[in-house]
Amino acid sequence: MVTVVAGAVLVALLVAPALRALVARFAVPEGEPWCEACPLCGRPVGRLLPPTGRCPGCRERLGAGPGAVEAVAAAVAVAVACAADGPQAAALAWAGALGVALGFTDARVRRLPYRLTGPLLAGVAVLLAVAALAEGRPGVLLRCLLVALAVGALLEVAVQIGALGPGDSPLGLALGGLLGWYGWWVAIGGLAAAVVLAGLWGTLRVAALLVRRRPWRGLEVPVGPFLLLGALTAVLTR
């Protein structure tokens, strides 16, 4: 187990610079262009960024804070390694990696860009198909599809009534398909965990604002990180 954990952390630290660059590029408010260069010195963001969270040229902060992406990526990698028990582990790892970038992006700007949810959905679909064929269980793909459509449709209804942002339903499609591999009850558990975690976070935020005597009307909860965390929790506790 120690070897597995150490290997997972090492992989996470190797992938983290790419994830940090994705956060820096896509964590921009709706309607603004992607951050392709440092706003201070104009140096291209590139595909990799150091764990300091600062531009290598002028030291301007870009994206997430120092060490944050690395710490979360390592924790997710260890969780995925502990949950891995079959060929679907590749899809779980893909969702975990892009989920880190999506979680930080949504937490910063309340946005889940299609430039990230699209590759997440496509990668999960392809890797689950490969896993199903490898196990000789092509029929499980039908359940994955049905669960994905059910979760996506449920979140899309919330999007249409203004309760969620437009990026939440594509994320739900990807996570629903992934959870569908493990069964309907795991998918339901993932949604329930997301609701509970989001509600707990919102309650704690409101309590903190009240203690500090600050207004909390209009407090927005970034749903994406909780959908991702709920899905991971459901897989770990299945």
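Look a little higher up for the structure.
Residues numbered from 1 in each chain as written. Predicted model: local features only at pLDDT ≥ 70, side-chain atom pairs only at ≥ 80, totals over all residues. Heavy atoms only, no water.

**Observations regarding the overall build of the protein**
So, point 1. Within the protein, the secondary structure is distributed over eight helices and zero strands.
So, point 2. For the protein, the α and β elements follow one another from N to C terminus as α-α-α-α-α-α-α-α.
So, point 3. For 238 residues, the compact-globule estimate of 2.2 N^0.38 gives 18 Å, and the protein sits close to it at 18 Å.
So, point 4. Its C-alpha atoms give the protein principal-axis dimensions of about 55 × 40 × 35 Å.
So, point 5. Residues classed as buried in the protein amount to 44% of the 238 residues present.
So, point 6. Counting contacts in the protein only where the partners sit at least 6 residues apart, residues at least 24 apart contribute 67% of the total. (Helix = DSSP H or I, 4+ residues; strand = E, 2+ residues; numbered from the N terminus. Rg over C-alpha atoms; globule rule 2.2 N^0.38 Å. Buried < 20%, exposed > 50% of the residue type's maximum accessible area, 1.4 Å probe, protein only. Contact = heavy atoms within 4.5 Å.)

**Let's talk about empty space enclosed by the protein**
Over the atoms rolls a probe the size of a water molecule, and in doing so it shows where empty space is left.
So, point 1. In the structure shown here, the tally under the stated rule is one cavity of 30 Å³ or more.
So, point 2. Reported here for the largest cavity is a volume of approximately 70 Å³.
So, point 3. Lining the largest cavity, in full, are Val151, Leu175, Gly176, Leu179, Ala187, Gly190, Leu191, Ala194, Leu227 and Ala231.
So, point 4. Secondary-structure elements contributing two or more residues to the lining of the largest cavity are α6 (168–180), α7 (184–211) and α8 (223–236).
So, point 5. Top element by residues in the lining of the largest cavity is α7. It accounts for four residues.
So, point 6. Its residues placed into classes, the lining of the largest cavity shows eight nonpolar, two polar and no charged. (1 Å grid on protein atoms, 1.4 Å probe; cavity = no way out; pocket = protein on both sides within 12 Å on 5 of 7 lines; lining within 4 Å. Points joined across faces, edges and corners; volume = space filled by probe spheres on them. Nonpolar A, V, L, I, M, F, W, Y, C, P; charged D, E, K, R; others polar.)

**Thoughts on the packing of helix α2 (residues 68–83) against helix α3 (residues 89–109)**
So, point 1. Running from N to C, α2 and α3 point in directions that differ by 155°, and their axes come no closer than 10 Å. Here α2 lies roughly antiparallel to α3, going by the angle between them. The two elements α2 and α3 cross, and the hand of that crossing is right-handed. Packed against α2, whose contacting residues are Ala68, Val69, Val72, Ala73, Val76, Val80 and Ala83, the element α3 presents Leu92, Ala93, Gly96, Val100 and Phe104 at the interface.
So, point 2. The residue inventory of the contact of α2 with α3, partitioned by class, reads 11 nonpolar, one polar and no charged. (Axes fitted to C-alpha atoms, helices over the stretch in contact; angles between N-to-C directions. Parallel < 35°, antiparallel > 145°, perpendicular 65-115°, else oblique. Left-handed = near helix turned anticlockwise from the far one by under 90°.)

**Points about the nonpolar core**
So, point 1. Counting residues in hydrophobic clusters, the biggest one holds 53 residues, and the most contacted among them are Leu120, Leu171 and Trp181.
So, point 2. Those elements that provide at least two residues to this core are α1 (2–26), α2, α3, α4 (114–135), α5 (140–160), α6, α7 and α8.
So, point 3. The dominant element in this core, judged by the number of residues it contributes, is α3, at eight residues.
So, point 4. With nine residues, the next largest nonpolar core counts Ala21, Val28, Cys38 and Val45 among its residues. (Core = buried A, V, L, I, M, F, W, Y, C linked by side-chain atoms within 4.5 Å.)

**Let's talk about the pattern of salt bridges**
One side chain can pair with another of opposite charge once the charged atoms of both are near each other.
So, point 1. Tallied over the full model, the rule gives five salt bridges.
So, point 2. For Arg20, the salt bridge goes to Glu70, with nearest N and O atoms at 2.8 Å. Taken together, the positions of Arg20 in helix α1 and Glu70 in helix α2 put the pair 50 residues apart, joining distant regions of the chain. This pair shows no difference in class: Arg20 is buried, exactly as Glu70 is.
So, point 3. One salt bridge in this structure joins Arg137 and Glu135, with 2.9 Å as the shortest N-O distance. (Salt bridge = Lys/Arg side-chain N within 4 Å of Asp/Glu carboxyl O.)

**Here's the deal with the environment of Gly103**
So, point 1. Structurally, Gly103 is set in helix α3.
So, point 2. For Gly103 and Pro222, which are 119 residues apart along the polypeptide, the C-alpha to C-alpha distance reads 8.6 Å.
So, point 3. For Gly103, the contacting residues outside a window of four places in its chain are Pro225 and Leu228.

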